[in-house]
Amino acid sequence: MKKIMLQAIKERKLQLFFLIYILLVIPLVSPIAQNVPARYLIANIFVNAGLLAVLFLLFFFMTSKTEKVIASLLLFITLVPGVIFLAYLLFAHVLLFEDSIISLFETNPEESKEFVAYYLSPWVLLGVGIYAVIPIILICKMKRTKRLSVWKHKYLFLGCMTILFFSLSIERIAKSIYFVNFYRIFFEYKMRTAIEDKAIKERQTVPFAVTTTNSELKTIIVIIGESETRHHMSLYGYNRPTNPLLSKESDLLVYKDVISPQVHTIPVIRSVMSFADKKNPDYIITRPSLFELFNRAGYETYFISNQPFGGNYRTSYDNLLEQAQHIKNLSLRKKPDEVILEPLKKILTQPLVRSQLIVIHLIGSHMAYEFRYPVAFNVFNHRKDGKVKSGAPYLTDGAKTTIDRYDNTVLYNDSILAEAIELLKKRENPLLVYFSDHGEEVYDYRDFAGHAYEKITTPMCEIPFLVWIPDNYRRSRGDLCFDINRPYSTDDFIYSLSDLAGLRYDGYDDSRSLFSYTFKERERLVGDLSYESVIELTNRLAASSGHLHTGQ
Ligand SMILES: [Zn+2]
């Protein structure tokens, strides 16, 4: 028996290399990720090595032809997840987590193009190319081998099949196998979206009472920015004048301590536009979403988007946004955010018959920054103003230029918001709320610009939150409390907006509204992490890089 086995192993050297390659390269490269504890990495290597042993033993029972077919099949299903995981490990030094994997399925082609253009280097390309070619060569070179009889070695065969079955069906084990995990998340995501679409459609005909506590006609604008961290806004103390217009607005309330519940657009928008939170993700299915509440309260609802949305670019928050009565998708024009002003003007010049809720989704400061503003806003130049502190080795001239460009997007955003406020001034009882979906790290502590949960720091979740309400209207709203120092997360935004409009319904919780007198501070989470632990992580990173960021 031993002799037969040794002979079988000897004959299948290439098969063994192939399996090591497919199953172990990613777990073995994973320690370069900065976001994963060693315990997890060791468990990963252990599980994948076990799977390798089982598959290798199963190869003994196959004919040469079947071996090649199974190996090709394995290559086919592992190649895409393998390339993605490896590329992220090589260029971003992160092992992808669930939310980021989901955002890969939802990212539209345009966005991916820009993302790839930003991060792509010849090394990444070379790595990915070599990664894909090696297993093909191995399969082609696999030699003809003698197979073992299943009947003679039935216990070995059955044992292998049982282990294989359990490692794929036990979730904790399956999660450690990168490609199995990738497909598991994909199918769960597809199923969840289908269930949500159906539930939202069905509940439209079910009665749900929404009343209002104040009857005057109002116009409420909610502008959701993109990737704007408050650390680059002069409204929050940044050392460059990135908010020249908004800082002149006397009726603007600048909330000092608001964070986002995640650092990726999709999970944030899903939280903001619905009651769903970490504890109750099913509220997307079981409770009405933001637009639905306002529709039921008799509002005219609008959604204007300069972010790809609907059609071929469908994401899992579309079903929430599509509940608006009027939808304008401007993203296909691929223009900076001023495109939202014309439709906004059109809405605001119509006579007010019913109260209006207008939600606008900007492209804001989305990577790649230089595409987000017109030439006139190409203002900041570190060579001239000397405002980007040098010293850190990663702050190369290129990195400083990126900071200049990011700051240009913030300056441009300032003008868009100021313009929207200007248009709204003509209305009676107007209200405008602006916040960014999440923030962005722009070379604050390391050679990195962007936002990724795997690399989370405070600039990625510390967002601007602004409320514009004219003084006279504010005084007439004695039911609202405006305390700019309250610690808040946009996770509870639906309660706050309901409160601003005076909406009341089953499930409304006054203690979760930022504007309520009965507001209670709650524990704030960013993904699965407490905000405090994100601060701690960031402080540790800042101490190790020796460079505290220059923003605030
Ligand atoms: Zn975003």
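What comes next is a walk through the structure. (Residues numbered from 1 in each chain as written. Predicted model: local features only at pLDDT ≥ 70, side-chain atom pairs only at ≥ 80, totals over all residues. Heavy atoms only, no water.)

**Structural notes on the overall build of the protein chain**
Part 1: When its secondary structure is counted, the protein chain shows 21 helices and 15 strands.
Part 2: Projected onto its principal axes, the C-alpha coordinates of the protein chain cover approximately 90 × 60 × 40 Å.
Part 3: Scored against the burial criterion, the 552 residues of the protein chain give a buried share of 55%.
Part 4: Counted over contacts in the protein chain with a minimum sequence separation of 6, partners at least 24 positions apart contribute 80%. (Helix = DSSP H or I, 4+ residues; strand = E, 2+ residues; numbered from the N terminus. Buried < 20%, exposed > 50% of the residue type's maximum accessible area, 1.4 Å probe, protein only. Contact = heavy atoms within 4.5 Å.)

**Section: the packing of helix α5 (residues 98-106) against helix α10 (residues 178-203)**
Part 1: Running from N to C, α5 and α10 cross one another at 65°; their axes reach a closest spacing of 10 Å. Once α5 is placed against α10, the crossing between them reads as right-handed. Of the residues in α10, those in contact with E98, I101, I102, F105 and E106 of α5 are F182, R184, I185, F186, E188, Y189 and R192.
Part 2: In the contact of α5 with α10, the residues fall into seven nonpolar, no polar and five charged. (Axes fitted to C-alpha atoms, helices over the stretch in contact; angles between N-to-C directions. Left-handed = near helix turned anticlockwise from the far one by under 90°. Nonpolar A, V, L, I, M, F, W, Y, C, P; charged D, E, K, R; others polar.)

**Some remarks on the coordination of the zinc ion**
Part 1: Surrounding the zinc ion are the protein donor atoms E226 (OE), E226 (OE), T265 (OG1), D437 (OD) and H438 (NE2), which sit 2.0 to 2.7 Å from the metal.
Part 2: Site description for the zinc ion: donor spacing in sequence, E-x38-T-x171-D-H. With E226 in the loop between β2 (219-225) and β3 (252-255) and D437 in the loop between β8 (430-436) and β9 (441-442), this residue pair connects regions lying 211 residues apart in the sequence. The two residues E226 and D437 agree in class, both being buried. (Donors = N, O, S within 2.8 Å, 3.2 Å for Na, K, Ca; no water.)

**A short note on the side chain of E462**
Part 1: Among the secondary structure elements, E462 is positioned in the loop between α18 (458-461) and β11 (465-468).
Part 2: Here the side chain of E462 touches Y531 through a polar contact of 2.4 Å, side chain to side chain. (Polar contact = N/O pair within 3.5 Å; in protein donor to acceptor, adjacent residues only side chain to side chain.)

**Focus: helix α4 (residues 64-92)**
Part 1: Between the first and last C-alpha of α4 there are 39 Å, a value that for 29 residues agrees with the 42 Å anticipated at 1.5 Å per step.
Part 2: Where α4 bends most, at T78, the angle is about 45°, and the proline P81 comes one to four residues later. (Expected span 1.5 Å × (residues − 1). Bend = angle between axes of the 7 residues up to and from the residue.)

**Examining the environment of D528**
Part 1: Among the secondary structure elements, D528 is positioned in the loop between β14 (525-526) and β15 (529-530).
Part 2: For D528 and Q262, which are 266 residues apart along the polypeptide, the C-alpha to C-alpha distance reads 8.8 Å.
Part 3: Side-chain polar atoms of D528 contact the side chain of K278, separated by 2.9 Å.

**A short note on the pairing of β2**
Part 1: The element β2 is largely enclosed, with a buried count of seven among its seven residues.
Part 2: As judged from the six bridges shared by β2 and strand β7 (residues 356-361), these two strands associate in the parallel manner. Within β7, the residue paired with T219 across the bridge is Q356.
Part 3: With seven bridges connecting them, β2 and β8 associate as parallel partners. Note on β8: the bridge partner recorded for I221 is L432. (Pairing = 2+ DSSP bridges.)

**Concerning the sheet that holds β8**
Part 1: Spatial ordering of the open sheet is given by β3-β11-β8-β2-β7-β5-β6, a layout of seven strands whose pairing is mixed. Each edge of the sheet is formed by a strand with only one pairing partner; in this case those strands are β3 and β6 (326-329). Going from strand to strand, the sheet's axes swing by 10° on average, the running direction of each strand aside.
Part 2: The pairing of strand β5 (residues 300-305) with β7 spans six bridges and is classified as parallel. Considered in β7, the bridge of I304 is made with I360.

**Notes on the pairing of β5**
Part 1: Here β5 lies mainly inside the structure; six of its six residues are buried.
Part 2: Neither face of β5 is left uncovered, since the one carrying E300, Y302 and I304 and the one carrying T301, F303 and S305 both have all their residues buried.
Part 3: Bridge count for β5 against β6 is four bridges, and the pairing is parallel. Across the sheet, Y302 pairs through a bridge with H326, a residue of β6.

**Thoughts on the packing of aromatic side chains**
Any two aromatic rings considered together are summarised by their centre-to-centre distance and by the angle between their planes.
Part 1: Using the criterion set out here, one finds 25 aromatic pairs in the structure.
Part 2: Taken together, a centroid distance of 5.6 Å and an interplanar angle of 55° make the contact between F482 and F515 tilted. Here the residue F482 occupies a position in the loop between α19 (471-476) and β12 (488-489), and F515 occupies one in the loop between β13 (503-505) and β14, the gap between them amounting to 33 residues. Judged on exposure class, the residue F482 and its partner F515 are both buried.
Part 3: Ring plane angle 50° and centroid distance 6.4 Å describe the contact between Y495 and Y508, whose orientation is recorded as tilted. Of this pair, Y495 sits in helix α20 (residues 493-501) while Y508 sits in the loop between β13 and β14, and the two are 13 residues apart along the sequence. (Phe/Tyr/Trp six-rings, centres within 6.5 Å; stacked < 30°, edge-to-face > 60°.)

**Examining the side chain of R427**
Part 1: Secondary-structure assignment places R427 in the loop between α17 (397-424) and β8.
Part 2: No salt bridge is formed by the buried R427. Its closest oppositely charged neighbour is E428, at 9.0 Å.
Part 3: Polar side-chain contacts of R427 include one of 2.9 Å to the backbone oxygen of Q350.
Part 4: A polar contact of 3.0 Å, which involves the side chain of R427, links it to the side chain of Q356.
Part 5: If sequence neighbours within four positions are ignored, R427 has contacts with T219, I347, L348, Q350, L352 and Q356. (Lys, Arg positive; Asp, Glu negative; His and termini not counted. Salt bridge = Lys/Arg side-chain N within 4 Å of Asp/Glu carboxyl O.)

**Digging into helix α2 (residues 13-29)**
Part 1: Taking 1.5 Å per residue, 17 residues should reach 24 Å; α2 reaches 22 Å between its end C-alpha atoms and fits that length.
Part 2: Considering bend angle alone, the principal kink of α2 is centred on L23 and spans about 40°; proline P27 follows within four residues of it.
Part 3: Taken together, the buried positions of α2 are occupied by Q15, F18, L19, Y21, I22, L23, L24, I26 and P27.

**What to know about unusual backbone geometry**
Part 1: The step from M367 to A368 runs through a cis peptide bond, and the omega angle for that step is -5°.
Part 2: Checked against the element boundaries, A368 lands in the loop between β7 and α16 (382-385).
Part 3: Even without a glycine there, the phi angle at K334 is positive, about 55°.
Part 4: By the secondary structure assignment, K334 is in the loop between β6 and α15 (341-349).
Part 5: For N429, which is not glycine, the phi torsion reads 50° and is therefore positive.
Part 6: Along the chain, N429 turns up in the loop between α17 and β8.

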